[in-house]
Amino acid sequence: MSEMTTIVIFGASGDLTRRKLIPAFFDLYLKERLPANWRIVGVSRSPHSDDEFRDKMKLGVKEFARFAFDAEQWAAFAAHVSYHAGNLTNEDEMRALDQALLAHEGEEVANRMYYLSIAPRLYESALANLGCTGMVDESGGWRRVVIEKPFGHDLPSAKLLNHAVHRVLDESQIYRIDHYLGKETVQNIMVFRFANSLFEPVWNRNYIDHVQITAAETVDVGHRADYYDGVGVVRDMMQNHMLQLLALVAAEPPASFEADALRNEKVKVLRAVRKMEPEEVARNSVRGQYRAYRDAEGVAPYSETATYAAIRFFIDNWRWQGVPFYLRSGKAMAKKFTEITIFFKEPPHVMFPLPANATIARNSLSICIQPDEGIHFSFQAKVPDTAARMRTVNMAFQYETAFGPTAIPEAYERLLLDIIKGDASLFSRGDSIELAWSLIDPILEGWNSDHTTSMAFFYEAGSWGPVEADRLLARDGAKWTSGCQVDDS
Ligand code: BG6
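These lines cover the structure that appears in this document, whether it is placed above or below.

Reading guide: rules and limits
Residues numbered from 1 in each chain as written. Predicted model: local features only at pLDDT ≥ 70, side-chain atom pairs only at ≥ 80, totals over all residues. Heavy atoms only, no water. Helix = DSSP H or I, 4+ residues; strand = E, 2+ residues; numbered from the N terminus. Rg over C-alpha atoms; globule rule 2.2 N^0.38 Å. Buried < 20%, exposed > 50% of the residue type's maximum accessible area, 1.4 Å probe, protein only. Contact = heavy atoms within 4.5 Å. Areas by Shrake-Rupley, 256 points an atom, 1.4 Å probe, with all protein chains shown as cover. Lys, Arg positive; Asp, Glu negative; His and termini not counted. Charge placed at Lys NZ, Arg CZ, Asp CG, Glu CD. Pairing = 2+ DSSP bridges. Axes fitted to C-alpha atoms, helices over the stretch in contact; angles between N-to-C directions. Disulfide = S-S within 2.5 Å. Polar contact = N/O pair within 3.5 Å; in protein donor to acceptor, adjacent residues only side chain to side chain. Right-handed = clockwise from strand over helix to strand, strands pointing away. Parallel < 35°, antiparallel > 145°, perpendicular 65-115°, else oblique. Left-handed = near helix turned anticlockwise from the far one by under 90°. Nonpolar A, V, L, I, M, F, W, Y, C, P; charged D, E, K, R; others polar.

**Details of the overall build of the chain**
Then step 1. Looking only at helices and strands, the chain has 15 helices and 15 strands in total.
Then step 2. For the chain, whose C-alpha radius of gyration is 24 Å, the value lies close to the compact-globule estimate of 23 Å for 489 residues.
Then step 3. Overall size of the chain, expressed as C-alpha extent along the three principal axes, is 80 × 50 × 40 Å.
Then step 4. Within the chain, the fraction of its 489 residues that count as buried is 52%.
Then step 5. Pairs at least 24 apart in sequence give 77% of the contacts found in the chain among residues at least 6 apart.
Then step 6. For the chain, the exposed area adds up to about 22100 Å²; of that, 52% sits on carbon and sulfur atoms.
Then step 7. Here the chain holds 53 positive side-chain charges and 66 negative ones, and the gap between their average locations is 5 Å.

**Looking at the sheet that holds strand E4 (residues 109–116)**
Sheet strands pair by backbone hydrogen bonding; their relative direction is either parallel or antiparallel.
Then step 1. A sheet is described by the order of its strands in space; here six strands give the open sequence E3-E2-E1-E4-E5-E6, paired in parallel fashion. The sheet terminates laterally at strand E3 (81–85) and strand E6 (174–176), the two strands that pair on one side only. Sheet twist, expressed as the average angle between the axes of neighbouring strands with direction ignored, equals 20°.
Then step 2. Relative to E6, strand E5 (residues 143–147) is paired through three bridges, and the arrangement is parallel. Note that in E6 the partner of Val 145 across the bridge is Ile 174.
Then step 3. Its contacts with the sheet put helix H4 (residues 91–105) on strand E1 (3–10), strand E2 (38–44), E3 and E4, and the angle it makes with E1 is roughly 150°.

**Brief notes about the sheet that holds strand E14 (residues 390–398)**
Then step 1. On the basis of which strands lie adjacent, the open sheet formed by nine strands has the order E14-E13-E12-E11-E7-E10-E9-E8-E15 and mixed pairing. Strands with a single pairing partner mark the edges of an open sheet, and in this sheet they are E14 and strand E15 (458–459).
Then step 2. As paired strands, strand E7 (residues 208–216) and strand E11 (residues 337–344) are joined by eight bridges and run antiparallel to one another. Opposite His 210, over in E11, you have Phe 343 as the bridge partner.

**Looking at the state of the cysteines**
Then step 1. Considering all chains together, one arrives at one disulfide under this definition.
Then step 2. Each disulfide pairs two cysteine sulfurs, and for Cys 368 the partner residue is Cys 484, the sulfurs being separated by 2.1 Å. Because the sign of the S-S torsion sets the handedness, a value of about -95° for the bond joining Cys 368 and Cys 484 places this disulfide among the left-handed ones. Highlighted residues: Cys 368 in strand E12 (residues 364–370) and Cys 484 in the segment after helix H15 (468–474), separated in sequence by 116 residues. For the pair shown, Cys 368 and Cys 484 are each scored as buried.

**Notes on the side chain of Thr 185**
Then step 1. As for its placement among the helices and strands, Thr 185 is situated in helix H7 (residues 184–194).
Then step 2. Thr 185 gets classed as buried once you look at its relative accessible area, which sits at 4%.
Then step 3. At 2.9 Å, the side chain of Thr 185 and the backbone oxygen of Ile 369 are in polar contact.

**Let's talk about the pairing of E2**
Then step 1. Counting buried positions along E2 gives seven out of seven residues, so the element sits mostly inside the fold.
Then step 2. Side chains Trp 38, Ile 40, Gly 42 and Ser 44 project from E2 onto one buried face, and the interleaved Arg 39, Val 41 and Val 43 project onto a second face that is buried too.
Then step 3. Viewed along the sheet, the connection from E1 through helix H1 (residues 15–30) into E2 turns out right-handed.

**A closer look at the packing of helix H10 (residues 259–272) against helix H14 (residues 430–448)**
Then step 1. Remark: H10 packs on H14, axes separated minimally by 9 Å, with the N-to-C direction vectors making an angle of 20°. Here H10 is positioned roughly parallel relative to H14, judged by the angle of their axes. You can see that H10 and H14 cross each other, and the crossing is left-handed. Contacts between H10 and H14 involve Val 267, Leu 270 and Arg 271 on the former and, on the latter, Asp 431, Ser 432, Leu 435 and Leu 439.
Then step 2. Taken together, the residues that form the contact of H10 with H14 break down as four nonpolar, one polar and two charged.

Right, here's the structure in full:
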């Protein structure tokens, strides 16, 4: 049976298409992973010819694709790419697009992926138009709709959006992208935990002291104030990427390798995360803003938007009761890295002579999400030629050494391919998004309530954020520590 797949990118003149989507499709094409008969149609309002659109995409591919640019390969790829000017909030223009797509299809089976790379305020009308024009009807082939984050800006808006989705689509047709889930190192968390028998027995409150999850960025708000101001780090990074990381670290082993088995376990974790009351927020979180933020183009002069946050979460279940999960993320920080570090408990009894007030550093296991992807285990070793002096040393697995320097694909490559295959494992389900908002909303409310001071904690750009974030951990006898940025010398 002949089959074709059309990939329709709405918002094709935007940055995401040029920087991520087309380069990822190009890399997939070079790896011969795309289906036999495929086509990409870029759609946005601005008038462009096919060639103008292709030229713009070519620049993106030259800059952002992983593989070296080859003009011949690009020409072969670009022959599958075309452009259609149209407004997806206008029903008639959507019908015209549908007719144009049908004119090309004519196969027995014609599948379509609709990628909504558009402003979130347009999601609802886009979905409604896809529905009323019959464009998501699956009688002639599959129809899958991809939505970028942010999925809502709080729980009520996320519920409304889920409602709008379910009015026209079955849950199996919707792919809510969280690009962190497409990262190779994030996918490896499940393999590391459940394809090895060493760590699972100690992966619980009996052996683990606490968990730190850091997503630090050196970039500042740049030209994104339009989107970022009023949104801030908690909605931008924590509600989605970081809570997903927490869920992957804390989930119970799924019974099978099916999309819903894993997604069910992640939902169970999010359900067990303790919700904060507004009066508990100040004790469990710190927010900050880097000093020059309010001077950035497009930022409100007295903006209270947090560009840094550190939050302490607890998970109320048997495995994790009493184990703090500290999450921190910030813009304009000293270094860009994302890592998860699991700190194990100290030995119950130390027989070695230690200097007064000294303790033994805890063993830690760090999952280095990026850069320098890998896993590090740090433990104590006796310093040679001393009686019993100890030092923390490091055992490391690095992707680059184990699999080669170009082994790690871009997150979007994997995610786009999974959509084509119909595998939703790495996509957020509606219920988990709502649960994440239900954890985040009280924190944002707490910050706006009388229980916390206003934006008290400014930090210098290029620093590690406000010192109050250090105190958050110090109270529990912990300290922000990166296990991936170690120097063994
Ligand atoms: C995006 C956020 O989702 O993730 C950005 O909107 C952030 O603000 C980015 O910079 C970080 O992604 P990565 O893959 O560079 O860690």
